[in-house]
Amino acid sequence: MVTAAEVNPRHGHLLRHPQQTFVEELAVRRFDRVWRRGKHLVFDLSLAGGADVRHLVINPMLGGRFQVAGDDAAPPQTWVFRLRLDSREEFRYLDLRDMGRIYLVQDLEGEVPAWAGQGPEADEVAELGLDAFRRRLRRYRDEVKDLLRNQAFLSGIGNAYSDEILFEAELLPLRRRASLKPEDEERLFEAIPVVLERSIEAILANPAYQESKQDRSFMRVHGKEGTSCPRCGHRISRLGTKRESLSFCRGCQH
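A short tour of the structure in this document, coming up. None of these values were measured; they are calculated from a predicted model.

The rules behind each value
Residue indices follow the written sequence of each chain, beginning from 1 at its first position. Totals for whole chains, interfaces and linings use every residue, but because this is a predicted model, local features are given only for residues with pLDDT of at least 70 and side-chain atom pairs only at 80 or more, for both listing and counting. Water and hydrogen atoms play no part in the side-chain values, which are based on all heavy atoms of the structure. Counting from the N terminus, the helices are the DSSP runs of H or I reaching at least four residues and the strands are the DSSP runs of E reaching at least two. Working definition: with a 1.4 Å probe on protein chains only, accessible area under 20% of the residue-type maximum means buried, over 50% means exposed, and in between means partly exposed. What makes two residues a contact is simply this: any of their non-hydrogen atoms within 4.5 Å. Residue exposure ignores everything except the shown protein chains as possible cover, and the areas themselves are Shrake-Rupley values with a 1.4 Å probe. Think of it this way: Lys and Arg go in the positive column, Asp and Glu in the negative one, and His and the chain ends go nowhere. Charge positions are represented by NZ for Lys, CZ for Arg, CG for Asp and CD for Glu. What counts as a salt bridge is simple: a side-chain nitrogen of Lys or Arg found within 4 Å of a carboxyl oxygen of Asp or Glu. In this analysis, rings of Phe, Tyr and Trp, with Trp reduced to its six-membered ring, are considered paired at centre separations within 6.5 Å, and the interplanar angle assigns stacked below 30 degrees, edge-to-face beyond 60, and tilted for intermediate values. Whether two strands pair depends on DSSP finding at least two bridges between them. Each axis is a line fitted through C-alpha atoms, and for a helix only the stretch in contact is used; angles between axes span 0 to 180 degrees, taken between their N-to-C directions.

### Overview of the overall build of the protein chain
And step 1. Helix and strand content of the protein chain: 7 helices and 10 strands.
And step 2. Along the longest, intermediate and shortest principal axes, the C-alpha atoms of the protein chain span 55 × 35 × 30 Å.
And step 3. Split into buried and exposed, the 254 residues of the protein chain put 43% on the buried side.
And step 4. Within the protein chain, counting contacts between residues at least 6 apart in sequence, those at least 24 apart form 56% of the total.
And step 5. In the structure as shown, the protein chain presents an accessible area of about 12,900 Å², 49% of it carried by carbon and sulfur atoms.
And step 6. Side chains of the protein chain give 40 positive and 39 negative charges; the mean places of these two sets differ by 6 Å.

Here it is as structure tokens:
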């Protein structure tokens, strides 16, 4: 149960909701459920008896982090809001890059931008099936790198994992969707679950893994520019800025 809520005035602009209303709404609610949709983490909170549910929706972007600590422990300077719990702990949202988006809503589709337009979850693409994937893919004209990051196509894939998926599928990121042959589409379909499952396994297998440090050492091409490709030995290339980089191998991605 939340007994009190507080917003850091230095980071309150991340709330897509009036700060005072945010504090008043959350201070009397309990956590009922935590779930994910695409890049959003959703906390369902209700009044006593399960009435009047509100959804606390957070897209943490690149720098968002969550913390549970004793209410006597000082929060880091990057804290955005903190919820005091009846367990004498605090649930905190921190943002290292001041980029996150926070909503407190009743109607997800009506109040969270682009919520209704999200595509199927990327980690469920195998259940979608190849034929349905092809039909969905062929609606778009984007370059395949941009297409994978388009949340209306598939929900949940970002910059780093789009690089890894395209490397697995042996496709150049700048290729137009219309240039893909049926065998290319099939490789892309198969690469998505392979990369996501392999990445989850690598993260869970590392007891020292710290998400706050964005440890991506297990990745094969993303952020590895200048090193040798693990598949063909060619030098890995990078285009774009450090914040929005595109990593790929010119030797085996066609």
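### So, the pattern of salt bridges
And step 1. Under the defined criterion, the tally for this structure stands at 21 salt bridges.
And step 2. Glu 25 is the salt-bridge partner of Arg 54, the closest N and O atoms lying 3.4 Å from each other. Taken together, the positions of Arg 54 in strand β4 (residues 54-59) and Glu 25 in helix α1 (residues 19-26) put the pair 29 residues apart, joining distant regions of the chain.
And step 3. For Glu 25, a relative accessible area of 21% translates into the label partly exposed.
And step 4. Salt bridges sharing common partners tie together Glu 6, Arg 82, Arg 84, Glu 90 and Arg 92.

### Re the packing of aromatic side chains
And step 1. For the structure on display, the rule yields 13 aromatic pairs.
And step 2. On the numbers, 5.8 Å between centres and 55 degrees between planes, the contact of Phe 43 with Phe 66 is tilted. Of this pair, Phe 43 sits in strand β3 (residues 40-46) while Phe 66 sits in strand β5 (residues 64-70), and the two are 23 residues apart along the sequence.
And step 3. Here Phe 43 falls in the buried class, since its relative accessible area comes to 5%.

### What to know about the sheet that holds strand β6 (residues 79-85)
And step 1. Spatially, β1-β6-β7-β5 is the arrangement adopted by the 4 strands of the open sheet, whose pairing is antiparallel. What marks the edges here is a single partner per strand, and that holds for β1 (2-7) and β5. Neighbour-to-neighbour, the strand axes of this sheet turn through a mean angle of 15 degrees, independent of strand direction.
And step 2. Judged from the 5 bridges that link them, β1 and β6 form a sheet pairing that is antiparallel. Its bridge partner lying in β6, Glu 6 is registered against Arg 82.
And step 3. α1 rests against β1 and β6 of the sheet, and its axis sits at about 165 degrees to β1.

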